[in-house]
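Listed below are the residues making up each chain.
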Amino acid sequence: MQQFTGSEAEVDLSLTARAEGGRTVIEVAGEIDVYTAPKLREKIAALVDEGAYDLVLDLERVEFLDSTGLGVLVGGLKRVRTHDGSLSLVCTQERLLKIFRITGLTKVFDIHPDVASAI
C-alpha cells in the first residue's frame, strides 16, 4: 500500500481544461480522493467564476474515486445549475460506473461514452 504525504498527493491528480463545441472539457487523470478532491473543486469553481457554465468532465483516466470525489462532482453540478448550466461526465470504466449506479448518481448525471457525445 502506498502512503502519501500532503504534498505528494497533490501530483496524484492532473486537470486539463479546454474549450470544445461551446463547452469546457476538463480532462481528469489520477485519483479523486480526500487529498486531491479540493483541487478539482477549485478548478470547477474557477471555471464557473470565469463564466464557463457548461462543463464536461472526462473521467476516462481516473484510477480511483471516493465519496469525497463524488461530493465534489455533485457540488460542481449544483454550482453550474445555479447559472442554468450543465455538468456531463465521460466515463466507460465499469468500476466507476458501478459507483454511480450504487449511489443513484446515474439519475443525476448525464454520463457519456466519449467527449463527442457529451458535447
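Residues numbered from 1 in each chain as written. Predicted model: local features only at pLDDT ≥ 70, side-chain atom pairs only at ≥ 80, totals over all residues. Heavy atoms only, no water.

Colleague: Can you explain the sheet that holds strand S3 (residues 54–65)? Please cite residues and give values.
Modeller: Taken in spatial order, the five strands make up an open sheet running S1-S2-S3-S4-S5, and their pairing is mixed. The sheet is open, and its two borders are formed by strand S1 (13–20) and strand S5 (110–112), each paired with just one other strand. Adjacent strand axes in the sheet meet at a mean angle of 25 degrees when their direction is disregarded. The pairing of S1 with strand S2 (residues 23–32) spans eight bridges and is antiparallel. Bridged to leucine 15 within S2 is valine 28. Strands in contact with helix H2 (residues 37–49) are S1, S2 and S3; relative to S1, the strand with the most contacts, it is inclined by about 20 degrees. (Pairing = 2+ DSSP bridges. Helix = DSSP H or I, 4+ residues; strand = E, 2+ residues; numbered from the N terminus. Axes fitted to C-alpha atoms, helices over the stretch in contact; angles between N-to-C directions. Contact = heavy atoms within 4.5 Å.)

Colleague: How would you explain the pattern of salt bridges if you had to name every residue and give the values?
Modeller: In total, this model carries four salt bridges according to the counting rule given. Salt-bridge contacts for arginine 18 lead to glutamate 20; the nearest nitrogen and oxygen are separated by 2.9 Å. Since its relative accessible area comes to 30%, glutamate 20 is described here as partly exposed. Note that glutamate 27 and arginine 61 form a salt bridge whose closest N and O atoms lie 3.9 Å from each other. Of the two residues, glutamate 27 sits in strand S2 while arginine 61 sits in strand S3, which places them 34 residues apart along the sequence. Overall, the relative accessible area of 53% leaves arginine 61 in the exposed class. Residues joined by salt bridges that share partners form a network here, namely Arg18, Glu20, Glu27 and Arg61. (Salt bridge = Lys/Arg side-chain N within 4 Å of Asp/Glu carboxyl O. Buried < 20%, exposed > 50% of the residue type's maximum accessible area, 1.4 Å probe, protein only.)

Keep in mind that these numbers describe shape and distance, not what the molecule does.
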